[in-house]
Amino acid sequence: GTVLSINQDRPGTYLTYLGYTLLTLGMIWTLFAPGSRFQGILSRLGNLGKAGMIAGLMLLTQVATAQDSTAVWLVPEEKANAYGQLIVQDLDGRMKPLNTLANEIVRKIYGKSKVELDLAKGKIHLTPEQFLLAAQLDPETWSSTPLIKIDPKKSMDLFSVLEKEPVPFLRFLDFVTNEGEYKLLSLVEDANKLKPSQRTEAHNELLKVDERFNIFYGLLTGDFLKIFPNRLDDNNTWFTGQQFAEGFEEEDGIFVKNITGIYLRAILKGIESGDWAEADETLSYIDLYQRKAGSEVYPDQILIDAELFYTQINLGNRLFGVFWILGIFMLGLGITMLFREGKGLLLSWKIGTALTWLGWLAFTFHLGLRWYIAKHPPWSDGFEMLVFVAWGVLFFGLVFSGKSRFTVPLALLFSGTLLFVSFLDWLNPEITNLMPVLNSYWLKIHVAVIVSGYAPLALSAIIGLLSLILLLFKPQNPNANWWKAQKELIAVNELSITIGLFLLAVGTFLGGVWANESWGRYWAWDPKETWALISVLVYSIILHLRLVPATRSAIIYNLASLWGFSSIVMTSFGVNYYLSGLHSYAKGDPVPIPIWVYWITGVLLVISVMAVFRYRNLSLQDQRELMI
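Keep in mind that what you see is a predicted model, and the values were worked out from it rather than measured.

**Q** I'm lost on the overall build of the chain in this one. Help?
**A** Along its length, the chain carries 22 helices and eight strands. Looking at the chain as a whole, 51% of its 628 residues qualify as buried. Within the chain, residue pairs in contact and separated by at least 24 positions form 68% of the contacts whose partners lie at least 6 positions apart. On the chain, roughly 29600 Å² of surface is accessible, and the fraction owed to carbon and sulfur atoms is 61%.

Shown next, in the form of structure tokens:
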């Protein structure tokens, strides 16, 4: 399915054809070699198929470089977008637009939403669909273009093996020898032998780079483009263009074998002549074939349009910056209003609150759209849970805004931070199919209730932190507004914990009902169950601190609400990644704790200790003012 533009009149044609022949032989060998094409691909990097494919690419690249190749591969964005509307089946069996797959590939390999290139004419930006087509039209150019993201600070050993200077991006061909051998094979094998807890940052970065190389290789060979349904397959499996021999009807097999090459040649013709009629017609044939042969699993058009729109607006990744800016503005405004009052300040506050409501509505639309596309509630994995908690924090911040003006800026800042963290490399933002055990209506009930409880508890933690910071910077002679703000924060804190504890307790009981339905028992002291109970007990104690005379001070209550949230962090994430159980991903083989966790813990600990000393230095009258 790969088309190479070869000029017969220029020197080096023999070497070019030799390279293309090796490439084709390598791809065919890989297809028909024993074993899975998708699993253990790196362990077979030295086999004939991959060696032939890589050697072919290197020969093509050398010829192109020597001849100052000017191969045309830039497809107009409009035509690339039309290509992105084809349907593809991912490795998990989910049907989605090719646009979604292209975005996932570019984000994984390149680390950005678009590919940026420096050409003689200036910088250009390729959309994911343009990049996908360009890689198929001109694989030799893209194999020698620095695209594979790498962290120079964490990869010094890797650069030493590759004999390269530290740079943020490497070429595909930088990873292979002239004989087609993978230079990092031994390093990757050694890293995979280590337990996750034994791996350093360098090991983790090596495995990420290895994954990006593997994805790039899959892109060049077409392993990811499962766009052809087989009407004879009972499991509704879709196949790549190279899998035309996988039990297709004779006519369908011929179509699958040839149509991709015909389409790519038509694309080249359109680039050269400006006539896109043949390309459009060929693409319509592929689209029609998908709709007819794959009718049982082909998604509705409204679902396709919804996912295309979801990917295009990328709303979740855009909102965190808006929330941060608006949150900082509102927090500064709230602090100013502790010492000054005026119509201008009040009007600004109302405008900020209105914008926050608009932001929350946009956030709600984002979650609803993801729910519609995925066909299951958007709280089924770690990424979705974090995003849902961010949504809940903002919701409760707005609900409690009448009790204290500080709930809105705090909710904005914390919600934006959770959104930012959720889109980092350690969580997967892709929409995936549900695990069988989660394919239950209890997912909508139990998980929704218990995760909804995390949001007000998170808000109480951030309120406790703000109260400690305000105590540290307490004016020498605070006015009535300052004391009133402290009282309001305590009231909202208590209300948040009350609601959060109620939802947490109800959600835990509902989890027992689901467990009995799924596993035949209500409770088995699984780590997740145990830590859910611990969280309920922790917040039950915090909520009743005000009833004990010795613990009625605001400093104790704020410290407890801040550090009590660590039980929720352990329940929601710690159990999943560091303990072995039915709800765990680690299976007793924990991953290293990220370094930023230690920094955040250290900062919070310093603030807490300083706040305690500051409270002890207050006069007895001031301490009485902070009683709860």
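Here the narrative resumes.
**Q** So what exactly am I meant to see when it comes to unusual backbone geometry here?
**A** Both trends apply: most residues other than glycine have a negative phi, and most peptide bonds are in trans. Phi at Glu163 takes a positive value of approximately 60 degrees, unusual for a residue other than glycine. Locating Glu163 in the fold gives a position in the loop between α7 (156-162) and β6 (169-170). With a relative accessible area of 72%, Glu163 lands in the exposed category. Phi at Lys375 takes a positive value of approximately 65 degrees, unusual for a residue other than glycine. Judged by its relative accessible area of 65%, Lys375 is exposed.

**Q** What is the right way to read the packing of aromatic side chains from this model?
**A** Two aromatic rings are characterised by how far apart their centres lie and by the angle between their planes. Considering all chains together, one arrives at 27 aromatic pairs under this definition. Between Trp379 and Phe388 the ring centres are 4.7 Å apart and the planes differ by 50 degrees, which places this aromatic pair in the tilted class. Residue Trp379 is classed as buried on the basis of its relative accessible area of 8%. The ring centre of Trp349 lies 6.0 Å from the NZ or CZ of Arg405, which sits over that ring.

**Q** When you look at the nonpolar core in this model, what are you seeing that I'm missing?
**A** If you look at soluble globular proteins, the nonpolar side chains tend to sit buried side by side. Among the nonpolar cores identified, the biggest contains 93 residues, and Phe363, Val393, Leu419, Val451, Tyr454 and Tyr539 are the most heavily contacted of them. The leading source of residues in this core is helix α17 (residues 442-472), at 21 residues. When neighbours within four sequence positions are excluded, Leu419 is seen to be in contact with Gly316, Leu319, Phe320, Phe323, Phe363, Val387 and Ala390. Val75, Leu132, Leu173 and Leu207 belong to the second-largest nonpolar core, a separate cluster that totals 66 residues.

**Q** Help me out: how do you make sense of the side chain of Gln136 in this one?
**A** Within the secondary structure layout, Gln136 lies in helix α5 (residues 128-137). Gln136 gets classed as buried once you look at its relative accessible area, which sits at 8%. Within the local environment of Gln136, its side chain forms a polar contact with the backbone oxygen of Leu132, the two atoms lying 3.2 Å apart.

**Q** What's the story with the packing of α17 against helix α21 (residues 595-616) in this structure? I'm lost.
**A** Helix-helix packing is described using two parameters, namely the angle between the two axes and the distance between the axes. Contact geometry for α17 and α21: axes closest at 9 Å, N-to-C directions at 50 degrees. By the criterion of interaxial angle, the relationship of α17 to α21 is oblique. The interaxial crossing formed by α17 with α21 has left-handed handedness. Residues Leu465, Leu468, Ile469, Leu471 and Leu472 of α17 form the contact with α21, whose own contacting residues are Leu604, Ile607, Ser608, Met610, Ala611, Arg614 and Tyr615. Of the residues belonging to the contact of α17 with α21, the class tally is ten nonpolar, one polar and one charged.

**Q** Please clarify how the confidence of the model for the chain should be interpreted in this entry.
**A** Low pLDDT marks regions whose predicted coordinates should not be analysed in detail. Across the chain, the average pLDDT comes to 84, with 85% of residues at or above 70. Predicted confidence is poor over residues 60-71, with pLDDT under 50, and the contacts of this stretch with residues over four places away or in other chains come to 19 contacts.

**Q** How do you make sense of a nonpolar patch on the surface when you look at a structure like this?
**A** Taken together, the side chains of Phe420, Leu424, Trp426, Ile593, Ile595, Trp596, Tyr598, Trp599 and Ile600 make up a nonpolar region of the molecular surface, amounting to roughly 930 Å² of accessible area. Counting residues per element, the nonpolar patch draws most heavily on α21, which supplies five residues. Along the polypeptide, Ile600 turns up in helix α21. Judged by its relative accessible area of 44%, Ile600 falls in the partly exposed class.

The rules behind these values
- Residues numbered from 1 in each chain as written.
- Predicted model: local features only at pLDDT ≥ 70, side-chain atom pairs only at ≥ 80, totals over all residues.
- Heavy atoms only, no water.
- Helix = DSSP H or I, 4+ residues; strand = E, 2+ residues; numbered from the N terminus.
- Buried < 20%, exposed > 50% of the residue type's maximum accessible area, 1.4 Å probe, protein only.
- Contact = heavy atoms within 4.5 Å.
- Areas by Shrake-Rupley, 256 points an atom, 1.4 Å probe, with all protein chains shown as cover.
- Phe/Tyr/Trp six-rings, centres within 6.5 Å; stacked < 30°, edge-to-face > 60°.
- Lys NZ or Arg CZ within 6 Å of the ring centre and 35° of its normal.
- Core = buried A, V, L, I, M, F, W, Y, C linked by side-chain atoms within 4.5 Å.
- Polar contact = N/O pair within 3.5 Å; in protein donor to acceptor, adjacent residues only side chain to side chain.
- Axes fitted to C-alpha atoms, helices over the stretch in contact; angles between N-to-C directions.
- Parallel < 35°, antiparallel > 145°, perpendicular 65-115°, else oblique.
- Left-handed = near helix turned anticlockwise from the far one by under 90°.
- Nonpolar A, V, L, I, M, F, W, Y, C, P; charged D, E, K, R; others polar.
- pLDDT = per-residue confidence, 0-100.
- Patch = residues over 30% accessible without salt bridge, like charges linked within 9 Å, V, L, I, M, F, W, Y side chains within 5 Å.
- Salt bridge = Lys/Arg side-chain N within 4 Å of Asp/Glu carboxyl O.

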